[in-house]
Amino acid sequence: QVQLVEAGGGFVQSGGSLRLSCSASGNLLAINTMGWYRQAPGNQRELVADITRGGSTVYADSVKGRFTVTRDNAKNTVYLQMNSLKPEDTAVYYCNVRLIHIKAVDYWGQGTQVTVSS
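Residues numbered from 1 in each chain as written. Predicted model: local features only at pLDDT ≥ 70, side-chain atom pairs only at ≥ 80, totals over all residues. Heavy atoms only, no water.

Asker: What am I meant to see in the sheet that holds strand β7 (residues 67–72) here?
Answerer: As summarised here, the arrangement of the 4 strands in space is β1-β3-β8-β7, forming an open sheet in which the pairing is antiparallel. Only two strands of the sheet have a single neighbouring strand rather than two, namely β1 (2–7) and β7. The average undirected angle you get between the axes of adjacent strands in this sheet is 15°. Bridge count for β1 against strand β3 (residues 18–26) is 6 bridges, and the pairing is antiparallel. Residue pairing for β3: glutamine 3 is matched across the bridge by serine 25. (Pairing = 2+ DSSP bridges. Helix = DSSP H or I, 4+ residues; strand = E, 2+ residues; numbered from the N terminus. Axes fitted to C-alpha atoms, helices over the stretch in contact; angles between N-to-C directions.)

Asker: Looking at this structure, I do not really get the nonpolar core. What am I missing?
Answerer: For soluble globular proteins, the rule of thumb is that nonpolar side chains tend to be buried together. Trp36, Leu80, Met82 and Tyr93 are the most contacted members of the largest nonpolar core, which totals 29 residues. The set of elements that each furnish at least two residues to this core consists of β1, β3, β4 (31–39), β5 (46–51), β7, β8 (77–82), β9 (91–100) and β11 (112–117). The element that contributes the greatest number of residues to this core is β9, accounting for 5 residues. (Core = buried A, V, L, I, M, F, W, Y, C linked by side-chain atoms within 4.5 Å. Buried < 20%, exposed > 50% of the residue type's maximum accessible area, 1.4 Å probe, protein only.)

Asker: Whenever I open this one, the state of the cysteines confuses me. Can you help?
Answerer: Linking two cysteines covalently via their sulfur atoms produces the bond known as a disulfide. For the structure on display, the rule yields 1 disulfide. Disulfide pairing is shown between cysteine 22 and cysteine 95; the S-S distance is 2.1 Å. Of note, the bridge from cysteine 22 to cysteine 95 carries an S-S torsion of about -80° and is left-handed in sense. Separated by 73 residues along the polypeptide, cysteine 22 in strand β3 and cysteine 95 in strand β9 bring together distant segments of the chain. (Disulfide = S-S within 2.5 Å.)

See the structure below:
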């Protein structure tokens, strides 16, 4: 089993910054990508950014140039630095960890609320 603990959400004004963190523990031998998804009310959960063990990243078009995902493999922790936040970034942000052994298995954090006021 894998446990994920998120931290860093909150309330910020438009143009502000927040940093999210997610620490993973448990059986992580097959850990592959770590990343962040978000879900706003009435919307589907969507990928924000993820990062492989080797440091390759993928970003949603809507956050490119504003958000940065990083990872500390020694600590099994992934971070999301969010700058120039916009009201449309308001959502619950979920940490995701994918393990790949025989098949891919996703684990999710409990979610942390990010609210950006205009």
